[in-house]
Amino acid sequence: MQDVSSVATREWNEGPLSAGALMVTITYVFDEDSLDVDNIPKPILDALKRLVFSDDDQITDLLCRKRELQADLQVQRFSPVLNEALAGSTPFIHIIVDHAPDQGVIS
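Here's a quick rundown of the structure. Everything numeric here is computed off the predicted structure, so don't read it as measured data.

With that settled, the discussion passes to unusual backbone geometry. Trans peptide bonds make up most of the peptide bonds, and negative phi angles are found at most residues other than glycine. Of note in this structure, Arg50 is not a glycine but carries a positive phi near 75°. Within the secondary structure, Arg50 is located in the loop between helix H2 (41–48) and strand S2 (59–68). Positive phi outside glycine occurs at Ser89, with the angle close to 55°. Along the chain, the position of Ser89 falls in the loop between helix H3 (80–87) and strand S3 (92–99).

Here's what the structure looks like:
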């Protein structure tokens, strides 16, 4: 996960989010070999700790998915970073850290 730390250091300019509940969305886009989805989040969250958020106990919501690179991917939240990754045609991880939804709602 050294790559995750390196990219986060380069791309995240705000400093660690120190307060409030957070939601992390991880999309692992793979080519041929894929990881089990339950093995994806932990090393990523550890790599982001103290860079993007103060502590991983702030994360109350986590969405982790894996998608095949060659599949017909539909993107809802385009960013320049995501556009560049998709154009590169190589496996990548896309991560969104945002404020968590209402803590009183279970859906």
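This part takes up the environment of Ser18. Locating Ser18 in the fold gives a position in the loop between helix H1 (2–11) and strand S1 (22–30). Ser18 sits in the exposed class, given a relative accessible area of 58%. Here the alpha-carbon distance between Ser18 and Val52, two residues 34 residues apart in the chain, equals 8.9 Å. Those residues in contact with Ser18 that sit more than four places away from it in its chain are Ser54 and Gln58.

Right, let's talk about the nonpolar core for a bit. Counting residues in each nonpolar core, the largest one holds 18 residues, and the members touching the most others are Leu48 and Phe53. Breaking this core down by element, the ones donating at least two residues are H1, S1, H2 and S2. At five residues, S1 tops the list of elements feeding residues into this core. Beyond its immediate stretch of four places on either side in the chain, Phe53 contacts Pro16, Leu17, Leu22, Leu45, Leu48, Gln58 and Ile59. With five residues, the next largest nonpolar core counts Leu69, Leu82, Ala85 and Phe92 among its residues.

Rules behind the numbers
Residues numbered from 1 in each chain as written. Predicted model: local features only at pLDDT ≥ 70, side-chain atom pairs only at ≥ 80, totals over all residues. Heavy atoms only, no water. Helix = DSSP H or I, 4+ residues; strand = E, 2+ residues; numbered from the N terminus. Buried < 20%, exposed > 50% of the residue type's maximum accessible area, 1.4 Å probe, protein only. Contact = heavy atoms within 4.5 Å. Core = buried A, V, L, I, M, F, W, Y, C linked by side-chain atoms within 4.5 Å.

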